[in-house]
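Examining the three-dimensional arrangement
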Amino acid sequence: RLVSDWSSDVCSSDLLASGGSCTVSILFTPTAAGVRTATITVTDNASGSPQVINLVGTGQTAVQNLSFSVANIDFGVEPVSYTTGATGMTAYNNGDAAFSFTSVAITGTNAADFSITSDSCTGSLAAGSSCSVGVNFTPSATGVRTATLQYTDSVSGSPQSITLTGVGETVVQTLTPSQQSLV
């Protein structure tokens, strides 16, 4: 008797010659975590019929594991209203199961000072795969500016966050008059 966790093929012949053999391949595809059991019962005209083979397997829970190349991004000092080049970070699926991203967004106190320039973290991310997001910084005021790059996904503990920081500074322009000669 096979249950839904197990499947098999069958021997292709109804008759087995004396001294012959028949191979049955069994595939275990657990539908739940934990110990799963089944039996194969072979009914024939040999002595001791039926022959019973017990099957035991253990289903494992799939693991989703999201990690990042950085815990925070510091853009340093940038003049107010000037934009930095994009800084990238990578998200990795180190687990053995796919997961999906619902959104990647910038949130927090100074969210408007940071922007996403590229985002390949959309949809499903297969086990062993990675995706990346690029962010730039355009301070709107002087001083420390902070925000959060927030990943909303199907992984336990969602949302996950990367801290974004930068400092806006005032640009001082000094004009030096040139000497002109009067003739």
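Heads up: these notes are all about the structure in this document.

What counts as what
- Residues numbered from 1 in each chain as written.
- Predicted model: local features only at pLDDT ≥ 70, side-chain atom pairs only at ≥ 80, totals over all residues.
- Heavy atoms only, no water.
- Core = buried A, V, L, I, M, F, W, Y, C linked by side-chain atoms within 4.5 Å.
- Buried < 20%, exposed > 50% of the residue type's maximum accessible area, 1.4 Å probe, protein only.
- Helix = DSSP H or I, 4+ residues; strand = E, 2+ residues; numbered from the N terminus.
- Phe/Tyr/Trp six-rings, centres within 6.5 Å; stacked < 30°, edge-to-face > 60°.
- Disulfide = S-S within 2.5 Å.

**Topic: the nonpolar core**
Side chains of a nonpolar character, in soluble globular proteins, are inclined to be buried together. Judged by nonpolar contacts, the single largest core of 23 residues is most densely connected at Phe101, Leu149, Tyr151 and Leu164. Taken together, the elements giving at least two residues each to this core come down to strand E6 (72–79), strand E7 (87–93), strand E8 (99–107), strand E11 (130–137), strand E12 (143–153) and strand E13 (160–169).

**Regarding the packing of aromatic side chains**
The final tally for this structure, using the stated rule, is six aromatic pairs. The interplanar angle of 45° and the centroid separation of 4.8 Å between the aromatic rings of Phe68 and Tyr151 together place this pair among those described as tilted. Of the two residues, Phe68 sits in strand E5 (residues 66–68) while Tyr151 sits in strand E12, which places them 83 residues apart along the sequence. In this structure Tyr151 comes out as buried when scored by relative accessible area, which is 0%. Ring centres of Phe75 and Phe114 lie 5.8 Å apart, and the angle between their planes is 50°; on these two criteria the pair is classed as tilted. Note that Phe75 is positioned in strand E6 and Phe114 in strand E9 (residues 114–119), a separation of 39 residues in sequence. By relative accessible area, Phe114 is classed as buried at 4%. Three or more aromatic residues link up through ring pairs in this structure, and these residues are Phe68, Phe99, Phe101 and Tyr151.

**With respect to the state of the cysteines**
In the structure shown here, the tally under the stated rule is one disulfide. What pairs with Cys121 in a disulfide is Cys131, and their sulfur atoms sit 2.0 Å apart. Here the disulfide of Cys121 and Cys131 is right-handed, its torsion about the S-S bond being about 100°. With Cys121 in the loop between E9 and strand E10 (123–125) and Cys131 in strand E11, this residue pair connects regions lying ten residues apart in the sequence.

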